[in-house]
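# Structural description and commentary
So you can see what is in the structure, the chains are spelled out below.
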Amino acid sequence: MTALDLTPAPGAAPLGRMVAAQAGAEIRAILRNGEQLLLTLIIPVLLLVGFSLAPLVDVGQARRIDFLTPGVLALAIMSTAFTGQAIATGFERRYGVLKRLGATPLSRAGLLLAKTLAVLAVELLQIVVIVGVALALGWRPAGSLLAAVPYLLLGTAAFSGLGLLMAGVLRAEATLAAANLVYLVLLGCGGVVFPLSVFPGGVESVLELLPISALTGGLRAVLMDGEGLALGPLAVLAAWTVVTLGLAARTFRWE
Amino acid sequence: MDSPAVEVIDLVKRYGGATAVDGLTLSAARGAVTAILGPNGAGKTSTIEICEGFREADGGTVRVLGLPPSDGSLRARVGVMLQAGGVPPAVRCGEWLRLVSRFYARPLAPDALMARLGLTDHARTPYRRLSGGQQQRLSLAAAVIGRPELVFLDEPTAGLDPQARHACWDLVADLRTAGVGVVLTTHHMDEAERLADHVVIIDRGRVVAEGSPASLTGAERQLRFRARPGLALEELLTALPTGSAAKESPAGHYIIEGQVDPELLATVTAWCAAEGVTADDLSIERRTLEDVFLELTGRELR
Ligand SMILES: Nc1ncnc2c1ncn2[C@@H]1O[C@H](COP(=O)(O)OP(=O)(O)OP(=O)(O)O)[C@@H](O)[C@H]1O
Ligand SMILES: [Mg+2]
């Protein structure tokens, strides 16, 4: 029998090591999950290819691929930061994983940091794939991708807040259903593949306040219209971030 | 270092209107094995999870290693095995153990621990495909991997086969030898008798008895045998010295208590012969912890 030195030698690992280990586990969990991969990569790429090749929607003056790419990037952010994260976290709560992790030296702040890093890493992968496919389809961004970074980050924050808010209060099954429903609704009414201008004026101005519309709007402003920095969408995303993360911090149940 | 590993005083826990823990007081020494016994719903998990910092007490005081359970510094010093769950279904056995090990400064080697608990062949199996007993062993491994000074094990051997049960017992014994305090709950009286320095029996959220296994079972011995059910024990009693007791529990199992000496043995066997009954499995034994437990907590199901 293997000799084990069980003599107590307690101590927490350095925070960086704990967060890196947990983030790695989160990334593996996302990439391993087939449904999640469908959501994060396959659907966005299919939408990008399908809608850019077939003249299904009227996007006005712009070239279809230039209009679609920012929308699909926004969709990718939403699918990972919101849908995927909400569902995964809901089930982690249900299986007692969040509770069990709470008994380790990894703090709640450390866990949230790890989740955020994992989401960002998966998003980076999505962006590389989507941008690659878009360029191959003839995408010519009007501005630097760097200009898109503030939108991508704030969009990630807003959608994470929404996802964690949902996962922290609803049952896991309800989170699963609601997160998919919200994904579909926001995909349809957030300017991802159809411009918001297809809706009547009154409806359009309400829809513009959705986080997905702010993200698609902001990304289009910098990547399609070549604007420096559109502040309106950033303000909408910031408001969503503050409200959802604030509410999630108050209502989240770890068990 | 003077405080006990766990000190619980007048603990109260309510769920809605129901009181699950009702003024419970217990103490677990450092470096010793403390077993908490009690019928289903007695309040064992509630008590342990309050000590682990998962649930809030509604009254009373709890100190773990001298600190309130919410103290963050305890997370590195205390190992936890939940009664169920706590592992993502898709994660592989070895992966989970490696992940948990990375949260600690000086962890045990995951591979050695898996070998010790017979999990090596399942290192690449996702948690949901492990058998119930393998899942239990993984949770046990995760509880000790950080080299804690105190571990809480909620029913560590539930669902284990005899080999795995012995492996778990050996590990608990080695933890104790190494100076680790162990607080465990169990429904197996033999387990408590074998492992524990201190046994606490709780019922309806209160302590009904505690002490070392030997002090609980007492020095008193009893004569046991099996025979056909329904023997007229009143008759036998008239032949026995006063102060003796005889009962049938369960049907067909007879227990004679009192001054168990050669004379009593002769009286009982003579009576059996007169009744035309063969006494099977005749033995003289000390009371078991199970006898004590059933006496204290009754036979009614919870
Ligand atoms: N989260 C909860 N909400 C409501 N009631 C609860 C909760 N947890 C436990 N109870 C109730 O409190 C009582 C004590 O439960 P507890 O889990 O502490 O018992 P236990 O001694 O661990 O039982 P077992 O041997 O079955 O594991 C039970 O009546 C149970 O129904
Ligand atoms: Mg229990």
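Residues numbered from 1 in each chain as written. Chains lettered and ligands numbered in written order. Predicted model: local features only at pLDDT ≥ 70, side-chain atom pairs only at ≥ 80, totals over all residues. Heavy atoms only, no water.

## As for the coordination of the magnesium ion (ligand 2)
Residue and element names in this part refer to chain B. What counts is decided by this rule: Note that water is not among the atoms considered, so a metal site may appear incomplete; the donors listed are N, O and S atoms within 2.8 Å of the metal, with 3.2 Å applied to Na, K and Ca. Secondary structure elements follow DSSP: runs of H or I no shorter than four residues count as helices, runs of E no shorter than two count as strands, and numbering proceeds from the N terminus. Exposure categories follow from relative accessible area, calculated using a 1.4 Å probe and restricted to protein chains: below 20% of the type maximum is buried, above 50% is exposed, and the middle band is partly exposed.
Within the protein, Thr45 (OG1) and Gln83 (OE1) serve as the donor atoms for the magnesium ion (ligand 2), at 1.9 to 2.2 Å. With Thr45 in helix H1 (residues 44-51) and Gln83 in the loop between strand S5 (78-81) and helix H3 (93-101), this residue pair connects regions lying 38 residues apart in the sequence. By relative accessible area, Thr45 is classed as buried at 18%.

## Notes on the UniProt feature "transmembrane region" (unreviewed entry) in chain A
Where we set the bar: UniProt positions are given in the numbering used here, feature names are shortened, and annotations may be inferred rather than shown by experiment.
The UniProt feature table records "transmembrane region" (unreviewed entry) at residues 37-56, 68-91, 112-139, 145-169, 181-199 and 229-249 of chain A. Secondary structure across residues 229-249 of chain A comprises 90% helix and 0% strand; the distance between its end C-alpha atoms is 30 Å.

## Here we look at the packing of aromatic side chains
The test is simple: Ring pairs are drawn from Phe, Tyr and Trp, using the six-membered ring of Trp, whenever the two centres fall within 6.5 Å, and their geometry is named by plane angle: stacked under 30 degrees, edge-to-face over 60, tilted for the rest. As a reminder, the over-ring test applies to NZ of lysine and CZ of arginine, requiring each to be within 6 Å of the ring centre and within 35 degrees of the ring normal.
All chains considered together, the criterion is met by 5 aromatic pairs over all chains. Between A:Phe82 and A:Phe159 the ring centres are 6.4 Å apart and the planes differ by 50 degrees, which places this aromatic pair in the tilted class. Here A:Phe82 is found in helix H3 (residues 64-94), whereas its partner A:Phe159 is found in helix H6 (residues 149-169), with 77 residues between them in sequence. Note on A:Phe82: relative accessible area 0%, which makes it buried. A relative accessible area of 0% places A:Phe159 in the buried class. Directly above the ring of B:Phe54 sits A:Lys99, whose terminal nitrogen or CZ lies 5.2 Å from the centroid. Seen from the ring of A:Phe67, A:Arg220 lies directly overhead, with NZ or CZ sitting 3.7 Å from the centre.

## Regarding the site of ligand 1
Residues and elements named next belong to chain B. Just so we agree on the cut-off: For this description, a residue counts as near a given molecule or strand if any of its non-hydrogen atoms is within 4 Å of it. Two N or O atoms form a polar contact when they lie within 3.5 Å of each other; inside protein one atom must be a possible hydrogen donor and the other a possible acceptor, and for residues adjacent in sequence the pair counts only when both atoms belong to side chains.
Every one of the 14 residues lining ligand 1 counts as a neighbour, but Gly41, Lys44, Thr45, Ser46 and His187 are closest to it. A distance of 2.7 Å separates an oxygen atom of ligand 1 from a polar side-chain atom of Lys44. Within the side chain of His187, a nitrogen or oxygen atom sits 2.9 Å from an oxygen atom of ligand 1. It is H1 that contributes the most residues to the shell around ligand 1, 3 residues altogether.

## Considering helix H11 (residues 289-297) of chain B
Residue and element names in this part refer to chain B. Under the convention used in this document: Any pair of residues with heavy atoms lying within 4.5 Å of one another is described as a contacting pair.
Those residues of H11 lying buried are Leu289, Asp291, Val292, Phe293 and Thr297. Looking at the buried residues of H11, the elements they touch are strand S3 (33-37), helix H7 (189-195), strand S8 (198-203), helix H8 (213-217) and strand S10 (221-226). Of the residues flanking the end of H11, it is Gly298, one or two places downstream, whose phi is positive at about 80 degrees.

## Examining the UniProt feature "domain: ABC transmembrane type-2" (unreviewed entry) in chain A
UniProt's feature table lists "domain: ABC transmembrane type-2" (unreviewed entry) at residues 31-255 of chain A, given in the numbering used throughout. Each end of residues 31-255 of chain A is marked by a C-alpha atom, and these two atoms are 25 Å apart; helix forms 75% of the span and strand 0%.

## As for the sheet that holds S5(B)
All names here are of chain B. Rule in force here: Pairing between two strands requires that DSSP report at least two bridges joining them. To obtain an axis, a line is fitted to C-alpha atoms, over the contacting stretch when the element is a helix, and the angle between two such axes runs from 0 to 180 degrees between their N-to-C directions.
Taking strand neighbours across the sheet as the criterion, the 6 strands line up as S5-S6-S7-S3-S8-S9 in an open arrangement whose pairing is mixed. Whereas interior strands pair on both sides, the edge strands pair on one side only; in this sheet they are S5 and strand S9 (206-211). When the angles between neighbouring strand axes are averaged without regard to direction, this sheet yields 15 degrees. Taken together, the 4 bridges between S5 and strand S6 (residues 150-154) define a ladder with parallel strand orientation.

## A look at the sheet that holds strand S4 (residues 59-64) of chain B
All names here are of chain B. Here 3 strands make up an open sheet; going across it, the order is S2-S1-S4 and the pairing antiparallel. Since the sheet does not close on itself, it has two edges, and those belong to strand S2 (18-28) and S4, each with one partner. Each strand of the sheet is rotated relative to its neighbour by a mean of 25 degrees, with strand direction disregarded. In terms of strand pairing, strand S1 (residues 6-15) meets S2 through 8 bridges, oriented antiparallel.

## Considerations on the pattern of salt bridges
Residues and elements named next belong to chain A. Note the threshold: We define a salt bridge as a contact between a side-chain nitrogen of Lys or Arg and a carboxyl oxygen of Asp or Glu at a distance within 4 Å.
According to the stated counting rule, one finds 20 salt bridges over all chains in the structure shown. Here Arg171 and Glu173 are joined by a salt bridge, their closest N and O atoms 3.3 Å apart. By relative accessible area, which is 33% here, Glu173 ends up partly exposed. Members of the salt-bridge network, linked through shared partners, are Glu26, Glu92 and Lys115.

## As for the packing of helix H1 (residues 15-32) of chain A against helix H5 (residues 108-136) of chain A
Pairs of packed helices are described in terms of their axes, by the angle between the two and the distance that separates them. All names here are of chain A. As a reminder of what qualifies: The labels follow the angle: roughly parallel below 35 degrees, roughly antiparallel above 145, roughly perpendicular from 65 to 115, and oblique for the rest. Each crossing gets its handedness from the near helix: less than a right angle anticlockwise from the far helix is left-handed, clockwise is right-handed. Residues were grouped as follows: Ala, Val, Leu, Ile, Met, Phe, Trp, Tyr, Cys and Pro as nonpolar; Asp, Glu, Lys and Arg as charged; and all remaining residues, including Gly, as polar.
Direction vectors running N to C along H1 and H5 enclose 50 degrees, while the axes themselves pass 8 Å from each other. In terms of orientation, H1 and H5 fall into the oblique class. Along this stretch, H1 crosses H5, giving a crossing that reads as right-handed. Two secondary-structure elements touch here, H1 through Leu15, Val19, Gln22, Ala23, Glu26, Ile27, Ile30 and Leu31 and H5 through Gly110, Leu111, Leu113, Ala114, Lys115, Leu117, Ala118, Ala121, Val122 and Leu125. Across the contact of H1 with H5, the residue classes tally to 14 nonpolar, 2 polar and 2 charged.

## What about the interface of chain A and chain B?
Stated precisely, the cut-off is as follows: Note on definitions: buried area is the accessible-area loss of two parts on being combined, 1.4 Å probe, summed for both.
At the junction of the two partners, chain A supplies 31 residues and chain B supplies 41 residues. Between chain A and chain B, the buried area comes to about 3300 Å², and carbon and sulfur atoms account for 62% of it. Contact with chain B buries surface across chain A, with A:Leu4, A:Leu6 and A:Arg100 losing the most and accounting together for 22% of the total. Along the contact surface separating chain A from chain B lie 4 salt bridges. Among the salt bridges present, the one from A:Asp5 reaches B:Arg147, with a minimum N-O distance of 3.2 Å. One can count 15 residue pairs in polar contact (both at pLDDT 80 or more) joining chain A with chain B. For the side of chain A that touches chain B, the secondary-structure elements that each account for two or more residues are H1 and helix H4 (97-102) of chain A. With 7 residues, the single largest contributor to the side of chain A that touches chain B is H1(A). Looking at the side of chain A that touches chain B residue by residue, the classes come out as 17 nonpolar, 7 polar and 7 charged.

## Considering the pairing of strand S11 (residues 245-248) of chain B
Residues and elements named next belong to chain B. The pairing of S11 with strand S12 (residues 253-257) spans 4 bridges and is antiparallel. Looking at the pairing, Glu248 lines up with Tyr254 of S12. Counted between consecutive antiparallel strands, the loop separating S11 from S12 contains 4 residues, among which Gly252 sits at a positive phi close to 90 degrees.

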